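Each chain, letter by letter, is given below.
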Amino acid sequence: MQFVSAFKLTKTAMASATAAALLMAGSISVSANTELTVYTALEADQLKMYQTSFNEEYPDIEIKWVRDSTGIVTAKLLAEKENPQADVIWGVAGTSLLLLDSEGMLLPYAPKGVEKLSDGFKSASNPPSWVGMNAWVAAICYNNIEGEKLGLPKPTSWNDLLDPVYEGYLIMPNPGSSGTGFLDVSSWLQMFGTDGGWTYMDNLHKNISRYTHSGSQPCKLAASGEIPIGISYAYRAAQLIEKGAPLDVIIPSEGVGWELEAAGIVKGTKNLESAQKLMDFAVSLKANEMYNKSFAVVAMPGVAQPVKHFPPEVESLMIKNDLAWAAANRAEILAEWTKRYDGKSEPKS
């Protein structure tokens, strides 16, 4: 009897232990989702759409976004070089990815379907260390109501903006914080030559009211009427016009700079498999169709549909932009710009 009772007790204990083990296993399974830390400069209104679409395919991977302007994200990544905190970079300027690659901070990976992308939308290495997503293009956002009220002629070129009539009525992004600001500065240096580019910016600076830390902010401020003219990018202007803003989006006659938005895996990630899945998604047809909701030029040929209010002449006026040169000279360009003009920058929040 004692043996039988002991056996029953042992069976009960074993059953309880088994149940506890199963419960523990279940809780491990429930909490086994991978958290992927993704550094980005994408606009906040884009992140939810991208994450929802990604999680439809990969529900077990949670994205933890770390978002800021391009320059700030780039500086953060460089500061963390010896102790990386990010797993993936998704939606940061191509020039920043080129710089990080030159520092040996990216892990080469060929996402599934990468061969379908245009040549300019992936690094030259095989496998590529980064891939492009879309391109954005510089533009001038002009508020028709405020411009007319103030008697400001509608500019048609970059050189028009040097007219003293615009003094105090222009806003543009700080290139140290904003990828849009950096593409403006690097493209002026390429279009006008190094000396001519700095001379152009010296004269433009006289008319600048302030420098923002966001590339879209100058266009948003022009749309709201806070400032009549903002140097920003074309797609943001098109979006604001669609919402009823009294804007004209102007593509300067000398040509416009442009920049890629890109993605890459950070070397040292502890979540490599999940990072590779995100990169696979980043080059997919589904992702490129989403990029087209925010940008007129995307990485996969034949995907982009015409964008309402987007100037049709844009592509013909995109300069031959040397992204490698811009990336290699980034630190020197930003140091010179800061020395000359940073006094009019907004305080960093």
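Predicted model only: the values in this text are computed from it and were never measured.

**A word on the layout of surface pockets**
Item 1. In this model, the largest pocket occupies a volume close to 200 Å³.
Item 2. Every residue lining the largest pocket is listed: D68, S69, I72, T212, H213, S214, Q217, E346, P347, K348 and S349.
Item 3. Taken together, the residues of the lining of the largest pocket sort by class into two nonpolar, six polar and three charged.

**Remarks on the pattern of salt bridges**
Item 1. Considering all chains together, one arrives at 16 salt bridges under this definition.
Item 2. A salt bridge links K277 to E273, with the shortest nitrogen-to-oxygen separation between them at 3.9 Å. Of the two residues, K277 and E273 are both situated in helix 10 (residues 272-282); the distance of four residues between them amounts to about one turn of the helix.
Item 3. K277 gets classed as partly exposed once you look at its relative accessible area, which sits at 24%.
Item 4. Relative accessible area serves as the criterion here: at 55%, E273 is assigned to the exposed category.
Item 5. R340 is the salt-bridge partner of E336, the closest N and O atoms lying 2.6 Å from each other. Taken together, the positions of E336 and R340, both in helix 14 (residues 330-341) and four residues apart, correspond to about one turn of that helix.
Item 6. Judged by its relative accessible area of 34%, R340 falls in the partly exposed class.
Item 7. Taken together, the shared-partner salt bridges connect E43, D45, R67 and R236 into one network.

**Describing the packing of helix 6 (residues 179-192) against helix 14**
Item 1. Contact geometry for helix 6 and helix 14: axes closest at 11 Å, N-to-C directions at 100 degrees. Of the possible angle classes, the one that applies to helix 6 and helix 14 is roughly perpendicular. For the pair formed by helix 6 and helix 14, the contact residues are F182, V185 and L189 on the first element and R330, I333, L334 and W337 on the second.
Item 2. Of the residues contributing to the contact of helix 6 with helix 14, the split by class is six nonpolar, no polar and one charged.

**Structural notes on empty space enclosed by the protein**
Item 1. In total, this model carries two cavities of 30 Å³ or more according to the counting rule given.
Item 2. Here the largest cavity defines a volume of roughly 210 Å³.
Item 3. Forming the boundary of the largest cavity are 22 residues, of which A41, E43, T70, T180 and E261 lie nearest the centre.
Item 4. For the lining of the largest cavity, the secondary structure elements donating two or more residues are strand 3 (88-93) and helix 6.
Item 5. Among the elements that take part in the lining of the largest cavity, strand 3 stands out by supplying three residues, more than any other.
Item 6. Taken together, the residues of the lining of the largest cavity sort by class into seven nonpolar, twelve polar and three charged.
Item 7. The space that makes up the second largest cavity amounts to roughly 30 Å³.
Item 8. Lining the second largest cavity, in full, are M172, W188, M201, L204, H205, Y211, W337 and Y341.
Item 9. A breakdown of the residues in the lining of the second largest cavity according to their chemical character gives seven nonpolar, one polar and no charged.

**So, the side chain of S69**
Item 1. Positionally, S69 belongs in the loop between strand 2 (61-67) and helix 3 (70-79).
Item 2. For S69, a relative accessible area of 13% puts it in the buried group.
Item 3. Look past the residues within four positions of S69 in its chain and what remains in contact with it is A41, S177, H213 and S214.

**Here's the deal with helix 6**
An α-helical segment advances 3.6 residues per turn. Residues three or four places apart therefore align on the same side.
Item 1. Along its 14 residues, helix 6 runs 20 Å from first to last C-alpha, staying within 8% of the 20 Å computed at 1.5 Å per residue.
Item 2. Every buried residue of helix 6 is listed here: G179, T180, G181, F182, L183, D184, V185, S186, S187, W188 and L189.
Item 3. Its side-chain oxygen at 3.1 Å from the backbone nitrogen of T180, S178 defines the N-terminal cap of helix 6.
Item 4. Phi turns positive, to about 85 degrees, at G193, one or two residues after helix 6.

Analysis parameters
- Residues numbered from 1 in each chain as written.
- Predicted model: local features only at pLDDT ≥ 70, side-chain atom pairs only at ≥ 80, totals over all residues.
- Heavy atoms only, no water.
- 1 Å grid on protein atoms, 1.4 Å probe; cavity = no way out; pocket = protein on both sides within 12 Å on 5 of 7 lines; lining within 4 Å.
- Points joined across faces, edges and corners; volume = space filled by probe spheres on them.
- Nonpolar A, V, L, I, M, F, W, Y, C, P; charged D, E, K, R; others polar.
- Salt bridge = Lys/Arg side-chain N within 4 Å of Asp/Glu carboxyl O.
- Helix = DSSP H or I, 4+ residues; strand = E, 2+ residues; numbered from the N terminus.
- Buried < 20%, exposed > 50% of the residue type's maximum accessible area, 1.4 Å probe, protein only.
- Axes fitted to C-alpha atoms, helices over the stretch in contact; angles between N-to-C directions.
- Parallel < 35°, antiparallel > 145°, perpendicular 65-115°, else oblique.
- Contact = heavy atoms within 4.5 Å.
- Expected span 1.5 Å × (residues − 1).
- Polar contact = N/O pair within 3.5 Å; in protein donor to acceptor, adjacent residues only side chain to side chain.

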